Amino acid sequence: MNSTDQGANIPPVQLNMESRFSFRCHPGVSCFTACCRGINIMLTPYDIIRMKDRLQMRSDEFLAVYTTPQILEKTDLPVVTMKMLDDDEKTCPFVRKDGCIIYSDRPSACRYYPLGVATLSYKTDDDGGFYFFINEPHCRGFEEDTEWTVASWRKDQGVDAYDAINAEWTDLIVRKRSVPANLHLTEKIKQMFFTASYDIDRFRRFVFESTFLTLYDIDEVTVEKARSDDVALLQLGFRWLKWLIFKDGDFAVDERTAAERRERWTQKQI
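Thresholds, definitions, all that
Residues numbered from 1 in each chain as written. Predicted model: local features only at pLDDT ≥ 70, side-chain atom pairs only at ≥ 80, totals over all residues. Heavy atoms only, no water. Helix = DSSP H or I, 4+ residues; strand = E, 2+ residues; numbered from the N terminus. Buried < 20%, exposed > 50% of the residue type's maximum accessible area, 1.4 Å probe, protein only. Contact = heavy atoms within 4.5 Å. Pairing = 2+ DSSP bridges. Polar contact = N/O pair within 3.5 Å; in protein donor to acceptor, adjacent residues only side chain to side chain. Arc of directions from axis to C-beta. 1 Å grid on protein atoms, 1.4 Å probe; cavity = no way out; pocket = protein on both sides within 12 Å on 5 of 7 lines; lining within 4 Å. Points joined across faces, edges and corners; volume = space filled by probe spheres on them. Core = buried A, V, L, I, M, F, W, Y, C linked by side-chain atoms within 4.5 Å.

### Overview of the overall build of the protein chain
Move 1: Within the protein chain one finds eleven helices and eleven strands.
Move 2: The burial tally for the protein chain puts 46% of its 270 residues in the buried class.
Move 3: Residue pairs at least 24 apart in sequence account for 73% of intrachain contacts in the protein chain once pairs closer than 6 positions are excluded.

Here it is, written out as structure tokens:
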């Protein structure tokens, strides 16, 4: 999901997977790294995992230092954006004159550039999505002669793999946008959404150090993968969030444990 602004009231031209364009970004172009300033980058769950691992930080540390929380419009869901430096140009904290210092682990939005993906903003019957050009007047990459299709660009930049991992999470957001605006989530559910989506280290503690695994009937293979694999834990979290928010999916509750918890809560209230 790309959060770069387009011109006011000018709808983007829709592209599909086979749409062709010429583009190349390299240190020799006059605008090199200009696109890394004055932008609003919404981060996905897998973005956080890649960047915090690259920097050898805990997820809560990374979130505190490098992100800004906000509520995503029309969803009532908490998301995070990259926290830019407090300079005149609002520069990305990872960009230098010679390029990005975490380039191989850069976020999805950066990988898509100069394309934007409007899946969350425009309805489309095309399973390939709705893509458009981010038309920044300073960009000289379009003057290069390297030709791509949208599909080949996504593969070359590795964003197709990012999208595959984030797919269920993106589906949650799209589905939540279709829910009437007056139906708000509780603060607890929003906190759980944030934790399962972004604070993966805290979510692991929640899963393995609480009654989570006694309340929910999860197969042993899934549990063991999630114990040590952040991506497997993300996938478990996405399934759980689907059940938590929409009471939908294959996430089974152990009814005996649930009944015992309800009884304890009732007695506590009394």
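There is more to say, and it comes next.
### Thoughts on the pairing of strand S4 (residues 77-82)
Move 1: When you tally the buried positions in S4, you get six out of six residues, the bulk of the element.
Move 2: Of the strand pairs in this sheet, strand S2 (residues 42-43) and S4 are connected by two bridges, and their pairing is antiparallel. In the sheet register, Met42 faces S4, and the bridge partner there is Thr81.
Move 3: Bridge count between strand S3 (residues 67-72) and S4: six bridges; the pairing is antiparallel. In the strand pairing of S4, Thr67 is matched with Met82.
Move 4: The loop that links S3 with its antiparallel partner S4 comprises four residues; one of these, Lys74, has a positive phi angle of about 70°.

### A closer look at the sheet that holds S2
Move 1: Pairing is antiparallel in the open sheet, where three strands are placed in the order S2-S4-S3. Edge positions in the open sheet fall to S2 and S3, since each of these has one partner strand only.

### Let's talk about the side chain of Arg106
Move 1: Within the fold, Arg106 resides in the loop between strand S6 (99-100) and helix H3 (108-112).
Move 2: A distance of 2.7 Å separates the side chain of Arg106 from the backbone oxygen of Tyr103, its partner in a polar contact.
Move 3: A distance of 2.6 Å separates a polar atom in the side chain of Arg106 from a polar atom in the side chain of Gln157.
Move 4: Sequence-distant contacts of Arg106, that is, excluding residues within four places in its chain, are made with Arg111, Gln157 and Tyr162.

### Looking at helix H4 (residues 150-157)
Move 1: Along H4, the residues that are buried comprise Val150, Trp153, Arg154 and Gln157. All buried residues of H4 project into a common sector of 100° when viewed along the axis, lining one side.
Move 2: Check the buried side of H4 and you find it contacts strand S1 (20-22), H3, strand S7 (115-117), strand S8 (131-133), strand S9 (147-149) and helix H5 (159-177).
Move 3: Of the residues flanking the end of H4, it is Gly158, one or two places downstream, whose phi is positive at about 75°.

### Topic: empty space enclosed by the protein
Move 1: Here the structure, examined in full by the defined rule, presents one cavity of 30 Å³ or more.
Move 2: Around the largest cavity sit Phe23, Arg24, Cys25, Val29, Cys31, Phe32, Thr33, Cys35, Tyr113, His138, Cys139 and Gly141, which together line it.

### Considering the nonpolar core
If you look at soluble globular proteins, the nonpolar side chains tend to sit buried side by side.
Move 1: By size, the foremost hydrophobic cluster in this structure holds 53 residues, and its most contacted members are Trp169, Tyr216, Trp240 and Phe251.
Move 2: A total of ten residues in this core trace back to one element, the largest contributor, which is helix H10 (residues 230-246).
Move 3: In this structure, Tyr112, Tyr113, Ala118 and Ile134 belong to the second largest nonpolar core, which totals 18 residues.

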